[in-house]
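A closer look at the structure
Listed below are the residues making up each chain.
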Amino acid sequence: MTESRNSNTYPPTAEFAAQANVTAADYEAAAEDRLGFWADKARSLVDWKTPFTETLDWSNPPFARWFGDGQLNVAANCLDRHVEAGNGDRVAIHFEGEPGDSRSITYAELTTEVKKAANALASLGVSQGDRVAIYMPMIPETVIAMLACARLGAAHSVVFGGFSADALHSRILDAEARVVITADGGYRRGKPSSLKPAVDAALAKGDTPVDHVVVVERTGEDVAWVEGRDKKWADVVGQQSEEHEAEAFDAENPLFVLYTSGTTGKPKGILHTSGGYLTQSTYSVFATFDLKPETDVFWCTADVGWVTGHTYIVYGPLSAGATQVIYEGTPDTPDKGRWWSIVEKYGVSILYTAPTAIRTCMKWGDDIPAQYDLSSLRLLGSVGEPINPEAWTWYRRVIGGDRCPVIDTWWQTETGAHMIAPMPGLVPTKPGSSQRALPGISVKIFDDEGQSLGNDQPGLLVIDEPWPAMLRGVYGDPERYKDTYWSRFDGIYFAGDGARFDEDGDIWFLGRVDDVMNVSGHRLSTAEIESSLVAHDAVAEAAVVGAADETSGQAVYAFVILRAEVEETDDMEEKLRAHVGSDIGPIAKPKRIHIVDELPKTRSGKIVRRLLKDLAENKGVGDSSTLADASVMDLISQQVSSS
Ligand code: WTA
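The model shown is predicted, which means the values in this text are computed figures rather than measured ones.

**Observations concerning the overall build of the protein chain**
- Counting secondary structure elements, the protein chain contains 20 helices and 30 strands.
- By the compact-globule yardstick of 26 Å for 643 residues, the protein chain fits well, its C-alpha radius of gyration being 24 Å.
- If one aligns the C-alpha atoms of the protein chain with their principal axes, the spans along those axes are about 75 × 65 × 55 Å.
- Taking the contacts inside the protein chain whose residues are at least 6 apart along the sequence as the reference set, 71% of them involve residues at least 24 apart.
- Within the structure as shown, the protein chain displays about 23700 Å² of accessible surface, and the carbon and sulfur contribution to it stands at 47%.
- Taking the 59 positively charged and 94 negatively charged side chains of the protein chain as two groups, their mean positions are separated by 1 Å.

This is the structure we're talking about:
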């Protein structure tokens, strides 16, 4: 989707430029003294109980320590300090439920709720060093639960509510979570959608260290109850004291583990810690979004189950003292104008969403947003996948009224916070390009041999200096951390993305160079879906590819060979799709599963996915000369077109 170019650039208005938070001086300061720049940001944007004296310890790469001898409480930075500064009456969260219920929660109220929730978790035995699994809809209690963990120095592991019981089980086991916080369900497309049954099923699989399940009542639907283990949020949190002293923890105390798909079967638990993560998250909210906490209303449409929700719903905006909107449901419930009615209702000034959502709205037509007053918007952000210039210009023109800068932000679960984005008000924006690294961030584009490439040469994006919000490891697996990210080029972080600099030195992303797919901005691994398919009794072999898709960026296509004794039935494709759905989650269900007799393999038996991708993209049969048997592709192609 990135091939179409558009050389138009959009300079910022003089008015925007004059008030922009980031100036050329930030770039100059960071270029002169990168560590000094980050130390300065850490001191000015974060409250430390014990000031740090060392900015970065990189004596044992790739294991970094940022602000290592400092101590802080992340939750107190997101809450108490704003109340103490006299901003307790400022709205922290405007919550909009899908059925239309709404609640506005001030910083003072949120602080009290988090203190009570921290007391509740402490009463269940949660303390520093523990892990708590969170499996929730998009409601304020989710944010409260995360901050309550942070307040106690315990790490949360949020599992996206769209993941299955099996996926939840493996994540609970891997993180060794002792407590699960969930809800009876949430609302999805006008109906209650349950969550608690998946927790029950996950825990019924056994072997988990979980001894408490705390359940928020959101939908009021009946749920099964395990006496002794299950507790209502209203009961355990409701009765707690509103006093809770926030203890200071080390800057490197774990803040969260978040699982993400990689190139091999098992998802990786990405570990983030406190001081560096909070520094860069907070800085990026001011820099990339040009946030003015007194006047802006910020809305990030992501789910808290992904890193975008962690950094740009919970930690970044709250640490920055922002007022934000949290919406529970989907953009088309009850109608396709829902998002724009929310922008109008709350006067949203900064909107942050994903290209797939922008393309969907574009398909629905200009007349839908035209029915709403969107004049409060002043900045539009994009994240999750390359944004094609057509969607970019539509976003700017139709949603942004041709006045708002469109800021395409590149980053990853692993990077913790924004890494590449045009700084608003400082540079002219360019449709389809993420443009340049943030001040204090150093990236390069390498060829396969690790030579740094110049303009107009596609290569591999690397980050060649450590950064504050960088992942500190893969939970419980230091070797995997080193192998996955730091071994392709010795001592240099390999992101897995292809990219090029254009003639102006602006960065264009070219998609993943590994077997990670990007479907609607969600990362999925081909290997993980393949292993799910072959785990089904009927399947002998499977190959999965991500093929270009107009709306979702990529879509999952699977090619499977059935076991010899299995008869192909009409409902086989549907059965296998349902199997992947229950094994991983609905988001991983292939769009199509083609049942074939052969898979294209090299002489050494490696599946050539590129050929299957061409087929799924209707590009015909590509160069099959590397195959052990070149005629295989014709056979597969016939089977695909007749299925
Ligand atoms: C892709 C999401 C192009 C990229 C924050 C990256 C992007 C992966 C962009 C991380 C963008 C994210 N332009 N590609 N603006 N943003 N990506 O961990 O392939 O869910 O490696 O983090 O998404 O996905 P993750």
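What follows picks up the thread again.
**Here we look at the site of the ligand**
- Near the ligand lie 18 residues; those nearest to it are Thr409, Thr413, Asp497, Arg512 and Arg523.
- Here a nitrogen atom of the ligand sits 2.7 Å away from a polar atom, N or O, in the main chain of Thr409.
- Taking 530 Å² as the accessible area of the ligand by itself, protein coverage stands at 96%.
- Put simply, the parts of the chain that give the shell around the ligand at least two residues each are α12 (307-320), β20 (406-409) and β25 (507-512).
- Of the residues that constitute the shell around the ligand, the class distribution is 6 nonpolar, 7 polar and 5 charged.

**Topic: the pairing of strand β24 (residues 493-501)**
- The buried fraction of β24 amounts to 9 of the 9 residues, a majority that puts the element mostly inside the structure.
- Where strand β22 (residues 459-463) meets β24, 4 bridges bridge the pair, whose relative direction is antiparallel. When the sheet's bridge partners are listed, Ile463 is paired in β24 with Tyr493.
- The sheet contact formed by β24 and β25 spans 5 bridges and is antiparallel. By the bridge assignment, Gly498 is partnered in β25 with Gly511.

**Observations regarding the sheet that holds strand β18 (residues 350-353)**
- Across the sheet, 7 strands lie side by side as β5-β4-β17-β16-β18-β19-β20; this open sheet has mixed pairing. Looking at which strands have only one partner, the edges of the open sheet turn out to be β5 (102-106) and β20. When strand polarity is set aside, the average angle formed by the axes of neighbouring strands in this sheet is 20°.
- Bridge count between strand β4 (residues 91-96) and β5: 5 bridges; the pairing is antiparallel. Residue pairing for β5: Glu96 is matched across the bridge by Ser102.
- Here helix α7 (residues 140-152) sits on the sheet and contacts β4, β5 and β17 (323-327); the angle it forms with β5, its principal contact strand, is near 30°.

**Quick notes on the sheet that holds β22**
- The antiparallel open sheet is built from 4 strands, whose spatial order is β21-β22-β24-β25. The sheet terminates laterally at β21 (443-446) and β25, the two strands that pair on one side only. Within the sheet, the average angular offset between the axes of one strand and its neighbour, ignoring direction, is 45°.

The rules we used
Residues numbered from 1 in each chain as written. Predicted model: local features only at pLDDT ≥ 70, side-chain atom pairs only at ≥ 80, totals over all residues. Heavy atoms only, no water. Helix = DSSP H or I, 4+ residues; strand = E, 2+ residues; numbered from the N terminus. Rg over C-alpha atoms; globule rule 2.2 N^0.38 Å. Contact = heavy atoms within 4.5 Å. Areas by Shrake-Rupley, 256 points an atom, 1.4 Å probe, with all protein chains shown as cover. Lys, Arg positive; Asp, Glu negative; His and termini not counted. Charge placed at Lys NZ, Arg CZ, Asp CG, Glu CD. Near = heavy atom within 4 Å. Polar contact = N/O pair within 3.5 Å; in protein donor to acceptor, adjacent residues only side chain to side chain. Nonpolar A, V, L, I, M, F, W, Y, C, P; charged D, E, K, R; others polar. Buried < 20%, exposed > 50% of the residue type's maximum accessible area, 1.4 Å probe, protein only. Pairing = 2+ DSSP bridges. Axes fitted to C-alpha atoms, helices over the stretch in contact; angles between N-to-C directions.

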